[in-house]
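Residues per chain, in single letters:
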Amino acid sequence: MKNVMIIGGDGFCGWPTSLHLSAQGHNVTIVDNLSRRRIDEDLGAESLTPITSIEERILAWKEVSGNTITFSNVDVAKDIEGFANLIKTTKPDTIIHFGEQRAAPYSMRGLEEKLYTVDNNINGTHNMLAIIADQGIDPHVVHLGTMGVYGYDGDGLEIPEGYLSVMVPGDDGEVFKRDILYPTNPGSVYHMTKSMDQLLFQFYAKNNALRITDLHQGIVWGTQTDETRMDERLINRFDYDGDYGTVLNRFLMQAAMGHPLTVHGTGGQTRAFIHINDTVRCLALAVENPPEKDGKVKILNQMTETHRVRDLAHLVARTAGADVAFVDNPRKEAAENDLRVSNKTFIDLGLEPTTLADGLLGETVEIASKYIHRARKDTVACVSTWTDAQKPGVIHHEAILRVHDAA
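To keep things clear, this report deals only with the structure shown in the data block. Bear in mind that the values here come from a model prediction, so they are computed numbers and not experimental data. (Residues numbered from 1 in each chain as written. Predicted model: local features only at pLDDT ≥ 70, side-chain atom pairs only at ≥ 80, totals over all residues. Heavy atoms only, no water.)

Looking at the element boundaries, His396 is found in the loop between helix H12 (360–370) and strand E17 (400–401). Taking the C-alpha atoms as reference points, His396 and Val327, separated by 69 residues in sequence, lie 7.3 Å from one another. (Helix = DSSP H or I, 4+ residues; strand = E, 2+ residues; numbered from the N terminus.)

Here's what the structure looks like:
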């Protein structure tokens, strides 16, 4: 059993991870300022699934599992003294860092959202690292990053797990071998903050010998895990709005409400995906396998499969009898790209991936259908544009294609 502190443990990935690690016997402390709930209120787009208060969630978990999760309302990006005192009192063996604004569209919504994303994400990460170094303690830091730091240029290379071996010629013709961080190419302010996280981790691993695992995760789909199914009060978030709804969950929600599936541009963007079940399993594997104190960050690609967006839309449309609409792409990105990713470490550690072929699409559609009465159709479209040159991803009548025409 380990003392595990989970920053951002009330969120979409943080909450099911908290339950999963608690179920494994770890002593879990959630640290969260509940900002995601406030953003819901600001956007007028709350979770499709009914989310109880953090206090009721924790009480329900105690009732169904017998395990206790502790909660502290601390803003890691701002309350330095409060967070430092919390670390002193809890003495965590592992700190899992989910506590960042996680949506690329939200980070591009406007000036206020860009400033907030940078302030919250980078300050939170650096405050955590600096406080650990200042206290001279040795927790294993596990950070949830994103595959998006690498960009989507479609150059055909397989993205390795974090590092790239390069040969650098010297002045006298001698060639030197170096391992560098795989070059980042962020496509949003959100992805830029995750890229900067990498440099912060690199410095503190080298300078202070911090043990850090950085998980570059694909797009998460699905809602429920074994633990969140145990009681409706434990149910996980289901975001479907244009800012926070990940593409596959958004398609499944659109199908459930009879809304055409909105595909941006040509739909030729290839993305990495992972089911929420595998997210919590990967976090557990990371906790069980901390890196050595060797001055190097352990970087793992946390994904299970890749798909082209238009192919996903056609799959969901055929399954649910929905229409497909090709709309303007609000993002500034390549219209088409390939993506090859190595996830060898997690497979070697024993991860058995959940894939779209495993039938959990239907389970997610059932969740969406059960709570369809809570949906707001006016929040579905992606309207946050990357620059003034892009247009919102709203449906024009002529863009709707019957699935048999689009397949």
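Regular strands show a simple pattern: their side chains alternate between the two faces of the sheet. Burial of strand E13 (residues 298–302) is extensive: four of the five residues sit out of reach of the surface. Inspection of the sheet shows strand E9 (residues 211–217) paired to E13 by five bridges, in the parallel sense. Of the residues in E13, the one forming a bridge with His216 is Asn301. (Buried < 20%, exposed > 50% of the residue type's maximum accessible area, 1.4 Å probe, protein only. Pairing = 2+ DSSP bridges.)

Inspection of the entire model under this criterion finds 26 salt bridges. Measuring nitrogen to oxygen at the nearest pair gives 2.8 Å for the salt bridge that ties Asp40 to Arg36. One end of the pair is Asp40 and the other is Arg36, both in helix H2 (residues 35–43) and four residues apart, which spans about a single turn. Here Asp40 falls in the buried class, since its relative accessible area comes to 9%. (Salt bridge = Lys/Arg side-chain N within 4 Å of Asp/Glu carboxyl O.)

Tracing the chain through its elements places Tyr240 in the loop between strand E10 (219–221) and helix H8 (247–256). Separated by 227 residues in the primary sequence, Tyr240 and Cys13 have C-alpha atoms spaced 15 Å apart. Among the polar contacts made by the side chain of Tyr240, one reaches the main-chain amide nitrogen of Arg376 at a distance of 2.8 Å. (Polar contact = N/O pair within 3.5 Å; in protein donor to acceptor, adjacent residues only side chain to side chain.)

To continue, consider the nonpolar core. By size, the foremost hydrophobic cluster in this structure holds 36 residues, and its most contacted members are Met5, Ile7, Phe83, Met128, Leu129 and Ile212. Ranked by residue count, the leading element in this core is helix H6 (residues 111–135), at five residues. Setting aside residues no more than four positions away along its own chain, Met128 makes contact with Ile7, Phe83, Ile95, His97, Val141 and Phe201. (Core = buried A, V, L, I, M, F, W, Y, C linked by side-chain atoms within 4.5 Å. Contact = heavy atoms within 4.5 Å.)

Let us now look at the sheet that holds E13. The strand order across the open sheet formed by seven strands is E3-E2-E1-E4-E5-E9-E13, and the pairing between neighbours is parallel. Sheet topology places strand E3 (69–72) and E13 at the edges, where each strand pairs with a single neighbour. Averaged over all adjacent pairs, the angle separating strand axes in this sheet is 20°, with direction ignored. Across four bridges, strand E2 (residues 27–31) lies against E3 in parallel orientation. Along E3, the bridge assignment pairs Ile30 with Phe71. Taken strand by strand, helix H3 (residues 54–65) contacts E2 and E3, and its axis lies near 170° from that of E3. (Axes fitted to C-alpha atoms, helices over the stretch in contact; angles between N-to-C directions.)

All right, on to the packing of H6 against helix H7 (residues 189–208) then. Helix-helix packing is characterised by the crossing angle of the two axes and by the distance between the axes. In the contact formed by H6 and H7, the axes pass within 10 Å of each other and the chain directions differ by 15°. Put simply, H6 runs roughly parallel to H7. Where H6 crosses over H7, the handedness of that crossing is right-handed. Contacts between H6 and H7 involve Lys114, Thr117, Val118, Asn121, Ile122, Thr125, His126, Met128, Leu129, Ala130 and Ala133 from the first element and Val189, Tyr190, Met192, Thr193, Met196, Asp197, Leu200, Phe201, Tyr204 and Asn208 from the second. Considered class by class, the residues forming the contact of H6 with H7 number 13 nonpolar, six polar and two charged. (Parallel < 35°, antiparallel > 145°, perpendicular 65-115°, else oblique. Left-handed = near helix turned anticlockwise from the far one by under 90°. Nonpolar A, V, L, I, M, F, W, Y, C, P; charged D, E, K, R; others polar.)

Further remarks concern the sheet that holds strand E14 (residues 305–308). Spatial strand order, E10-E12-E14: three strands in an open sheet with mixed pairing. Of all the strands in the sheet, just E10 and E14 have a single pairing partner and so form its edges. Averaged over all pairs of adjacent strands, the angle between their axes in this sheet comes to 45°, without regard to strand direction. Of the strand pairs in this sheet, E10 and strand E12 (residues 270–275) are connected by three bridges, and their pairing is parallel. The partner of Val220 across the bridge, within E12, is Ile274. Packed onto the sheet, helix H9 (residues 276–288) meets E10 and E12 and runs at close to 75° relative to E12.

Right, let's get into helix H4 (residues 80–90). Along H4, the positions that sit buried rather than exposed are Phe83, Ala84, Leu86 and Ile87. End-on, the buried residues of H4 take up no more than an arc of 160°, which puts them together on one face. Every exposed residue of H4 that faces more than 90 degrees away from the buried side is listed here: Glu81 and Thr89. Tucked into the core, H4 has its buried residues touching strand E1 (3–7), E2, E3, strand E4 (94–97) and H6. Count one or two residues on from H4 and you reach Lys91, which has phi positive near 50°. (Arc of directions from axis to C-beta.)

A separate point is empty space enclosed by the protein. Evaluation of the coordinates by the stated rule reveals two cavities of 30 Å³ or more. Of the pockets and cavities examined, the largest cavity occupies roughly 40 Å³. Together, Phe12, Arg102, Asp239, Tyr244, Gly245, Thr246 and Asn249 line the largest cavity. Classifying every residue of the lining of the largest cavity gives two nonpolar, three polar and two charged. Taken as a whole, the second largest cavity encloses approximately 30 Å³ of empty space. (1 Å grid on protein atoms, 1.4 Å probe; cavity = no way out; pocket = protein on both sides within 12 Å on 5 of 7 lines; lining within 4 Å. Points joined across faces, edges and corners; volume = space filled by probe spheres on them.)

Next up on the list: the state of the cysteines. With the rule as written, the count across this model stands at zero disulfides. No disulfide involves Cys282; its sulfur sits 11 Å from the nearest other cysteine sulfur, which is in Cys13. With relative accessibility at 0%, the residue Cys282 sits in the buried group. Here Cys382 is not disulfide-linked; the sulfur of Cys13 is the nearest cysteine sulfur, at 18 Å. Overall, the relative accessible area of 8% leaves Cys382 in the buried class. (Disulfide = S-S within 2.5 Å.)

Everything listed here is a matter of coordinates, which is why it stays silent on function.
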